[in-house]
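Here are the chains, one letter per residue:
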Number of protein chains: 2
Amino acid sequence: MGKRLKNGTMIFENKPNICFGESIVGKKESEGPLGNYFKNVMKNENFNEKTYEKTEKKMISFVINELINDAKMPKKDIDVIIGGDLMNQIISVSFSAREFNSQLLGLYGACSTMCESLILGASLIDSGFVSNAVCVTGTHFGSVERQYRFPLDLGTQRPPSSQWTVTGAGGTLLKNSGGFCKITKGLIGKVIDYGVTDANNMGAAMSPSARDTLVRFFEDTSTTANDYDLIVTGDLGRLGSEILYDLMKEKGYDISSNHFDCGGNIYNEDKSRFQGGSGAGCSASVFNSVILEKIKCGELKKVIFMATGALLSPLSVQQGESIPGISHLVCVEV
Amino acid sequence: MGKRLKNGTMIFENKPNICFGESIVGKKESEGPLGNYFKNVMKNENFNEKTYEKTEKKMISFVINELINDAKMPKKDIDVIIGGDLMNQIISVSFSAREFNSQLLGLYGACSTMCESLILGASLIDSGFVSNAVCVTGTHFGSVERQYRFPLDLGTQRPPSSQWTVTGAGGTLLKNSGGFCKITKGLIGKVIDYGVTDANNMGAAMSPSARDTLVRFFEDTSTTANDYDLIVTGDLGRLGSEILYDLMKEKGYDISSNHFDCGGNIYNEDKSRFQGGSGAGCSASVFNSVILEKIKCGELKKVIFMATGALLSPLSVQQGESIPGISHLVCVEV
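Small disclaimer: the values here were computed from a predicted structure and weren't measured.

Enquirer: What's the story with the interface of chain B and chain A in this structure? I'm lost.
Expert: Interface size, as often reported, equals the accessible area lost upon joining of the parts. On the chain A side, the residues contacting the 65 residues of chain B number 65 residues. For the pair chain B and chain A, the summed buried area comes to about 5,200 Å², and 58% of that belongs to carbon and sulfur atoms. Of all residues in chain B, the largest losses of buried area upon contact with chain A belong to Gln89, Gln103 and Phe129 of chain B, amounting jointly to 16% of the total for that side. Our enumeration of links across chain B and chain A arrives at eight salt bridges. Residue Asp193 of chain B is joined to Arg98 of chain A by a salt bridge in which the shortest nitrogen-to-oxygen separation is 2.5 Å. On inspection of chain B and its partner chain A, the count reaches 33 residue pairs in polar contact (both at pLDDT 80 or more). Ranked by residue count, the leading element in the side of chain B that touches chain A is helix H4 (residues 113–126) of chain B, at five residues. Residues that form the side of chain B that touches chain A fall into these classes: 30 nonpolar, 22 polar and 13 charged.

Structure representation (structure tokens):
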């Protein structure tokens, strides 16, 4: 039987195995500080498709294909695809799954989707309901900007608190054996709202939920930041990371010395990208390349991966709602 | 350890318990043939909110509140809310979950969401990761029409193959003990596409996926329609149900004598509603009132509940994509 700690932390006894991670990114992402870790880079921003939405779907299909090639596994052996994206009605993942004739669990977790899918994949494998799971998500700058803010063609100016949606997709193949590291724990996020209403300040909207999940996890496991080689957050950005440090300090935890934010590190610091990267594809592409690569080569042995999501829609903002956040967490160990 | 059959059917050994079902519907739904089963009916179509979207959120919160009242359970004791809706970025469930300070697993399964949430809730309870789960979804006619087709104010004409989005929400409280019936099996749907491109003919788009899931389930369990008191589908509508009968006959199964489609039965047959009801709230409200009530009073003992979803977005249709379907299934037994 699976074990659940007081604050909700799930202990995976049979330790679902991470066998492969794959990602693909755009040109801009490949030119940033993490560029060398991305082995698959799109030669053009459309991936030879006619629309950004079709590009996004193709990126997700590409990642799934890479994963099953890595595992030398025929399509029909995928037990379940677990994933979602930021498009309305998660069309990217749904239409991608159509190509694989696999079972699909469609998710919506905003930019926290990668961790939501890893938690569910790990729990289904741990309990024996599936023997493998493809956990996947991705975003494209063009499709997401059109979806949440303005079409690119408008050339709208961006405020200094804004982040740049990553063109990238990432996926993890979980199996019940044979991986190079394991998901040992998972913690589902709560919806936390501090009343932020600025859709261009996602870091501020998400950091309270990141604090909530991380503190619940530390309490459940009687650990602190020092017990982990790295605490990886999704896309708080540079400003959001600073806010998280402050919020964690209020609760007596200092995470600043071994914290790494995927969004805050994916781009070179420059004016147009301001606070860094965002989007479900941000943490998905960085986790499935940079982080897993560092685990594989022995540089990291025990990592917290917590993807952070902002739960807004253009319509909720127009109707005067504030922007709640949600942060899901997994603990990965060699 | 959980057990998985060849085609993916999950066997729940610890048999997650259905403790309570709750629903709320609009006036039109209360005037249909199932009206007497709906104990909660909104007095006005706005539920005293300013927008249809806020109404939808309020309906979902209402259902969750009813469930925890039934169970005499404080808010803080909800282990996890599992659900989604048809709004972009599932704002109805996300903003509702904010009120309960509970963990949230956000889903997108189109109109199959109720079954997707029941499968995940059952598997998490069965494996001991949570002790209870609130599975919930809902739709509002006004919000969904605006989202997928046209704002109501346009007064657009509807073709005869169309269905009417149900104003309704439904939720199930699952616990690890103490229910009046149990979820004994679950089967995750595949994305199946027969190339239907008419967004006003959902029944045709969804019935191939319903056939796929049902045949996989019958094969896995070596059963036929006669082994169940009732086979409940989500919102195929009258036309979609006929298509499903034909498709099942091709595979050697006759389900016509003990099949019940929630969408096909929720409204009186008349011109404006054509093929019946649709929407995630359709099967959710009917399952959590009519079906569970009939199980409770002993009229039904072994039921297949399979919610059917059409995976489209307005944008995917505009970009020339066809409409795939997905159907998730649970088996409920006394």
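Having put the structure on the table, let's press on.
Enquirer: How should I be thinking about the packing of helix H6 (residues 202–221) of chain B against helix H7 (residues 237–250) of chain B in this particular structure?
Expert: Geometrically, a packed helix pair is captured by the angle between its two axes and the distance between the axes. Residues and elements named next belong to chain B. Where H6 contacts H7, the axes come no closer than 9 Å and their chain directions differ by 40 degrees. Judged by the angle between their axes, H6 and H7 are oblique. Here H6 runs over H7; the crossing is right-handed. Contacts from Gly203, Ala204, Ser207, Pro208, Ala210, Arg211, Leu214, Val215 and Phe218 of H6 reach H7 at Gly240, Ile243, Leu244, Leu247, Met248 and Glu250. Each residue belonging to the contact of H6 with H7 can be placed in one class, and the counts come to 10 nonpolar, three polar and two charged.

Enquirer: Would you mind going over the layout of surface pockets with me for this structure?
Expert: It is the rolling of a water-molecule-sized probe over the atoms that shows where space remains empty. In this structure, the largest pocket spans a volume of roughly 440 Å³. Forming the walls of the largest pocket are 22 residues, and the residues nearest its centre are Glu145, Arg149, Phe150, Thr156 and Arg158 of chain A. Contributing elements (two or more residues each) for the lining of the largest pocket: helix H5 (141–148) and helix H10 (314–318) of chain A. Class assignment for the residues of the lining of the largest pocket results in 12 nonpolar, seven polar and three charged. Here the second largest pocket is characterised by a volume of approximately 330 Å³. Lining the second largest pocket we find 19 residues, and of these Glu145, Arg149, Phe150, Thr156 and Asn200 of chain B sit closest to its centre. Looking at the lining of the second largest pocket, the elements with two or more residues in it are helix H5 (141–148) and helix H10 (314–318) of chain B. Residue composition of the lining of the second largest pocket, by class: 11 nonpolar, five polar and three charged.

The rules behind these values
- Residues numbered from 1 in each chain as written.
- Chains lettered and ligands numbered in written order.
- Predicted model: local features only at pLDDT ≥ 70, side-chain atom pairs only at ≥ 80, totals over all residues.
- Heavy atoms only, no water.
- Contact = heavy atoms within 4.5 Å.
- Buried area = accessible area lost by both parts, 1.4 Å probe.
- Salt bridge = Lys/Arg side-chain N within 4 Å of Asp/Glu carboxyl O.
- Polar contact = N/O pair within 3.5 Å; in protein donor to acceptor, adjacent residues only side chain to side chain.
- Helix = DSSP H or I, 4+ residues; strand = E, 2+ residues; numbered from the N terminus.
- Nonpolar A, V, L, I, M, F, W, Y, C, P; charged D, E, K, R; others polar.
- Axes fitted to C-alpha atoms, helices over the stretch in contact; angles between N-to-C directions.
- Parallel < 35°, antiparallel > 145°, perpendicular 65-115°, else oblique.
- Left-handed = near helix turned anticlockwise from the far one by under 90°.
- 1 Å grid on protein atoms, 1.4 Å probe; cavity = no way out; pocket = protein on both sides within 12 Å on 5 of 7 lines; lining within 4 Å.
- Points joined across faces, edges and corners; volume = space filled by probe spheres on them.

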